[in-house]
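Commentary on secondary and tertiary structure
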Amino acid sequence: MSNSSSSISISNVQLQHITHLTNYNSQIQTHTNPLSFNPFFRTFPGFFLTSSDIVLRHNVLDLSGTFPSPNPPLAYHRAGPRNQILFDPATVRASIVTCGGLCPGMNTVIRELVVGLWELYGVREIFGIKAGYRGFYSYDPVRLNPKMVDDWHKRGGTVLETSRGGFDLKKIVDAIQNHGFNQLYIIGGDGTMRGAVEIFEELKQRKLYISVVGIPKTVDNDVGIIDRSFGFQTAVEMAQQAINAAHVEAESAVNGIGLVKLMGRSTGHIALHATLSSRDVDCCLIPEINFYLEGKGGLFEFLEDRLKEMGHAVLVVAEGAGQDIIPRTESQKTEKDESGNPVFLDVAGWLKSELKNWWSRDHPNELFTIKYIDPTYMIRAVPPNATDNSYCTLLAHSAIHGVMAGYTGFVCGPINGNYAYIPVDEIAKAKNKVDTRDHKWSWVRSVSNQPDFIRS
Ligand SMILES: Nc1ncnc2c1ncn2[C@@H]1O[C@H](COP(=O)(O)OP(=O)(O)OP(=O)(O)O)[C@@H](O)[C@H]1O
Ligand SMILES: O=P(O)(O)OC[C@H]1O[C@](O)(CO)[C@@H](O)[C@@H]1O
Ligand SMILES: [Mg+2]
């Protein structure tokens, strides 16, 4: 939608470039978007977006200049249907793959990709790849249609199955070529997006007329640039049940501690948001904070005061927290999963035993109870809530519109509430960590009263 009266023009922003298949071959024939003839869509002026429709990366600015903002401001192409498309729907062979860990909403994204391609664009050749990247070269693709995927959005997990590891670039791209796929929809987290960058580069090398789009999926919410990843809110909601139970157990005991471990490999977003929404949490430990146990300002001192004051306390710990202070063997120091991610020790199990030792050492004659609740997989192996379901649908539609228009090597996602197309290599590098110097973390500390763990 162009607006001739706007005072900001394309030359005032740094628009992040997305590769278009016409960059490989400017002679490619275009087609009128079938949405123009679709009885359900009223294609009012501005319905179709153009390359001048943008989404600004930052919508919070400090005009005093105390915090420098990028100049010119960063911008991305806005996601949505284009008037002209590059793919003739009759020649499309689309493939969909899910990689990495589970996340609420994966099945909704798959369902909406299938239904959207079929209903919006008239594509009939749609295939699911089984079990992640390795599935391209290990299994036969599964043909999908709207009837088959009809109720998938109500199911947790991924019907296509997923896996870690198995990223063999040559075998994957050979298989893509052999199957004649010309559209790839890749649903996954940071590791998956790094793989998508390699596939995109290899397809370019081989001069193949194939579009690749990434749909960011991570229950940890560790992918940067986008507002949040799908399924994250559902996971935070599920975590409340564990925190409530921990609170009930803790307050029903003398000197009771409830301890909950939540997912969060290298980022503490789930723990942080679960803490903020619960109000029952006295201390939230995340990978971004180096906490310690003994001495002034340590966890023991804090809990001692808390138990004296309230009689109970609730601790939430993200699985990646404290990994550097848990004693480990040489082999445990280097252990990796099939994708190359470090394998963590059970921080909450270790904390439970340290807390018990501390109490019996310092208060040998006083009662003490600690209940450890580990809802790890329960918060992600569920269907998405209503908000995540709608979010997944918009992601799928954004991906389809971009691919049909001929964009490639991009990811779609909301930036400040508006859906945008972001270069996949930029997403693959952008890590979303909890900023422990911002207002949100101050808010956590103010609701929990926990120490800042900065040794004086
Ligand atoms: N640097 C990389 N280059 C190519 N492929 C990669 C890379 N890192 C990971 N992959 C592949 O991407 C897939 C998924 O990676 P990983 O298991 O790390 O999950 P993820 O996508 O980060 O999702 P999540 O963290 O939400 O579970 C695996 O098949 C893995 O082999
Ligand atoms: O599914 P797996 O291999 O047990 O991995 C669990 C990991 O996956 C995630 O859910 C997403 O990366 C992490 O929070 C967790 O560490
Ligand atoms: Mg990951």
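Conventions we followed
Positions within a chain are numbered from 1, following the residues in the order the chain's sequence is written. Here every chain gets a letter starting at A, and every ligand a number starting at 1, in the order they are written. At least 70 in pLDDT is required for a residue's local features to be given in this predicted model, at least 80 for side-chain atom pairs to be given and counted, and no such filter applies to totals for whole chains, interfaces and linings, which use all residues. Only hydrogens and water are set aside when side-chain values are computed; all heavy atoms of the structure are taken into account. Segmentation into domains, and thus their bounds, comes from an automatic or database assignment. Any two residues having at least one pair of non-hydrogen atoms within 4.5 Å are treated as being in contact. Values labelled buried area give the accessible surface lost by two parts on being combined, using a 1.4 Å probe and summing over both. Throughout this description, the term salt bridge denotes a Lys or Arg side-chain nitrogen within 4 Å of a carboxyl oxygen of Asp or Glu. Polar contact is the term for a pair of N or O atoms within 3.5 Å; when the atoms are in protein, one must be able to donate a hydrogen and the other to accept it, and sequence-neighboring residues count only if both atoms are side-chain atoms. Residues are grouped as follows: Ala, Val, Leu, Ile, Met, Phe, Trp, Tyr, Cys and Pro are nonpolar; Asp, Glu, Lys and Arg are charged; every other residue, Gly included, is polar. Helix numbering and strand numbering both begin at the N terminus, where a helix is a DSSP run of H or I of at least 4 residues and a strand a DSSP run of E of at least 2. To estimate how far a helix should extend, the number of its residues minus one is multiplied by 1.5 Å. Think of it in three bands: residues with accessible area under 20% of the maximum for their type are buried, residues over 50% are exposed, and the middle band is partly exposed, with areas taken using a 1.4 Å probe on protein chains only. The directions considered for the arc are those from the helix axis to the C-beta atoms. The cutoff for a nearby residue is simple: one of its non-hydrogen atoms must lie within 4 Å of the molecule or strand. The Shrake-Rupley method, run with a 1.4 Å probe sphere, supplies the accessible areas, and residue values consider only the shown protein chains as cover. A 1.4 Å probe that fits but cannot get out identifies a cavity on a 1 Å grid over protein atoms alone, an open set with protein on both sides within 12 Å along at least five of seven lines counts as a pocket, and a residue lines either if it has an atom within 4 Å of a point. To be counted as sitting in a cavity or pocket, a molecule needs more than half of its atoms within 2 Å of that site's grid points. Two strands are counted as paired when DSSP detects at least two bridges linking them. Fitted lines through C-alpha atoms give the axes, limited to the stretch in contact for helices. The angle between two N-to-C directions lies from 0 to 180 degrees. Grid points are joined across faces, edges and corners, and a volume is the space filled by probe spheres set on the points. Here, a disulfide means two cysteine sulfur atoms that sit within 2.5 Å of each other.

Quick look at the domain arrangement of the protein
Frequently, the measure chosen for interface size is the accessible area removed from exposure when the parts meet. You can read the domains of the protein as domain 1 (3–229 + 384–429) and domain 2 (233–382). The C-alpha centroid of domain 2 is placed 37 Å from the C-alpha centroid of domain 1. With 17 residues of domain 1 in contact, the opposing surface of domain 2 contributes 18 residues. Looking at the side of domain 1 facing domain 2, the largest losses of area belong to Arg-164, Val-219 and Asp-220, adding up to 37% of the total buried there. The interface formed by domain 1 and domain 2 contains two salt bridges. Remark: the boundary between domain 1 and domain 2 carries six residue pairs in polar contact (both at pLDDT 80 or more). Residues of the side of domain 1 that touches domain 2, tallied by class, amount to five nonpolar, six polar and six charged.

Details of helix 9 (residues 347–362)
An ideal rise of 1.5 Å per residue puts 22 Å on 16 residues; helix 9 measures up with 22 Å between its terminal C-alpha atoms. Along helix 9, the positions that sit buried rather than exposed are Val-347, Ala-348, Trp-350, Leu-351, Leu-355, Trp-358 and Trp-359. End-on view of helix 9: buried residues confined to an arc of 160°, all on one side of the axis. Among the structural elements, strand 12 (256–262), strand 13 (283–285), helix 7 (299–310), strand 14 (312–318) and strand 15 (369–373) are those in contact with the buried residues of helix 9.

A look at the site of ligand 2
Ligand 2 sits among Arg-164, Val-219, Asp-220, Met-263, Gly-264, Arg-265, Glu-319, Tyr-377 and Arg-380. Between Glu-319 and ligand 2, the recorded distance is 2.6 Å, taken from a side-chain N or O atom to an oxygen atom. Against a free-state accessible area of 400 Å², the protein chains account for coverage of 77% of ligand 2. Given that more than half its atoms are within 2 Å of the pocket grid, ligand 2 belongs to the second largest pocket. Two domains each provide a minimum of three residues to the shell around ligand 2, namely domain 1 (3–229 + 384–429) and domain 2 (233–382).

Topic: the environment of Val-149
Secondary-structure assignment places Val-149 in the loop between strand 9 (142–143) and helix 3 (169–179). Sequence spacing of Val-149 and Ile-110 is 39 residues, and the spatial spacing of their C-alpha atoms is 8.0 Å.

Here's the deal with the environment of Asp-151
Within the secondary structure, Asp-151 is located in the loop between strand 9 and helix 3. Note: C-alpha distance between Asp-151 and Thr-108 (43 residues apart in sequence) is 8.8 Å.

With respect to the sheet that holds strand 13
Overall, parallel pairing links the four strands, which are arranged 13-14-12-15 in an open sheet. Of all strands in the sheet, those with a lone pairing partner are strand 13 and strand 15, marking the two edges. Direction aside, neighbouring strands of the sheet carry axes that sit 15° apart on average. For strand 13 and strand 14, the ladder comprises three bridges, and the chain directions are parallel.

Some points on the layout of surface pockets
As a volume, the largest pocket reaches approximately 1400 Å³. Forming the boundary of the largest pocket are 32 residues, of which Arg-57, His-58, Asn-432, Asp-435 and Asp-438 lie nearest the centre. Where the lining of the largest pocket is concerned, the elements lending two or more residues are helix 5 (232–251), helix 6 (269–278) and helix 12 (439–448). No other element matches the three residues that helix 6 contributes to the lining of the largest pocket. For the lining of the largest pocket, the class distribution of residues is eleven nonpolar, eleven polar and ten charged. Domain assignment of the residues forming the lining of the largest pocket places at least three in each of domain 1 (3–229 + 384–429) and domain 2 (233–382). Taken as a whole, the second largest pocket encloses approximately 930 Å³ of empty space.

Things to note about the site of ligand 1
Taken together, the neighbourhood of ligand 1 is formed by 17 residues, with Gly-101, Gly-165, Asp-190, Thr-192 and Ser-339 sitting nearest. Side-chain polar atom of Thr-192 to an oxygen atom of ligand 1: 2.4 Å apart, as the coordinates give it. Between Ser-339 and ligand 1, the recorded distance is 2.6 Å, taken from a side-chain N or O atom to an oxygen atom. For ligand 1, whose unbound accessible area comes to 630 Å², protein coverage reaches 88%. In this structure the site holding ligand 1 corresponds to the second largest pocket. Class assignment for the residues of the shell around ligand 1 results in two nonpolar, ten polar and five charged.

Let's talk about the state of the cysteines
Tallied over the full model, the rule gives zero disulfides. Free of any disulfide, Cys-284 has its nearest neighbouring cysteine sulfur in Cys-283, separated by 7.3 Å. Owing to a relative accessible area of 1%, Cys-284 belongs among the buried residues under this scheme.

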